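Remarks on the overall topology
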Amino acid sequence: ENGNLLSFYNDSVEVSTEGPIEVIGPKRIPLRGGMAGVYVKTTGESGKAALHIEGAGFKSRTVAFTVKK
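Predicted model, so just to flag it, every value in this text is computed and none were measured.

Observations concerning the side chain of serine 12
In this fold, serine 12 is placed in strand 1 (residues 12-18). In this structure serine 12 comes out as buried when scored by relative accessible area, which is 16%. Polar contacts involving the side chain of serine 12 include one to the side chain of arginine 28, which spans 2.8 Å. When sequence neighbours within four positions are dropped, the list of residues in contact with serine 12 reads Arg28, Ile29, Pro30, Leu31 and Gly55.

Digging into the nonpolar core
Side chains that are nonpolar tend, in soluble globular proteins, to be buried together. Val13, Val15, Val23, Ile29, Leu31 and Leu51 together form the largest nonpolar core, which totals 6 residues. With sequence-adjacent residues up to four places away left out, leucine 31 is seen in contact with Tyr9, Asn10, Asp11, Ser12, Val13 and Ala36.

Overview of the pairing of strand 1
Pairing of strand 1 with strand 3 (residues 28-30) involves 3 bridges; the strand directions are antiparallel. Along strand 3, the bridge assignment pairs glutamate 14 with arginine 28. For strand 1 and strand 5 (residues 47-54), the ladder comprises 5 bridges, and the chain directions are antiparallel. Note that in strand 5 the partner of glutamate 18 across the bridge is alanine 50.

Observations concerning the sheet that holds strand 3
Pairing is antiparallel in the open sheet, where 4 strands are placed in the order 3-1-5-6. Where the open sheet ends on each side, the last strands, each with one partner, are strand 3 and strand 6 (61-67). This sheet shows a mean twist of 25° between the axes of neighbouring strands, independent of strand direction. Here strand 5 pairs with strand 6 via 7 bridges, running antiparallel. Bridging from a neighbouring strand, glycine 47 pairs with valine 67 of strand 6.

Conventions adopted
- Residues numbered from 1 in each chain as written.
- Predicted model: local features only at pLDDT ≥ 70, side-chain atom pairs only at ≥ 80, totals over all residues.
- Heavy atoms only, no water.
- Helix = DSSP H or I, 4+ residues; strand = E, 2+ residues; numbered from the N terminus.
- Buried < 20%, exposed > 50% of the residue type's maximum accessible area, 1.4 Å probe, protein only.
- Polar contact = N/O pair within 3.5 Å; in protein donor to acceptor, adjacent residues only side chain to side chain.
- Contact = heavy atoms within 4.5 Å.
- Core = buried A, V, L, I, M, F, W, Y, C linked by side-chain atoms within 4.5 Å.
- Pairing = 2+ DSSP bridges.
- Axes fitted to C-alpha atoms, helices over the stretch in contact; angles between N-to-C directions.

Here's what the structure looks like:
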């Protein structure tokens, strides 16, 4: 919140992808101490891609990628 780490936020987030990337592992990720990690892989195609992150109590976020072959 306001650029601060939410150290005691232990809910989970839902991740989804758009474009030539896929999530490796589960799509619902638990947060530990307000943090989590997720791995993505390419599908072998080039183009614009995005990782969408949604959770209760905060705005959805998107991380944009450009995948080059």
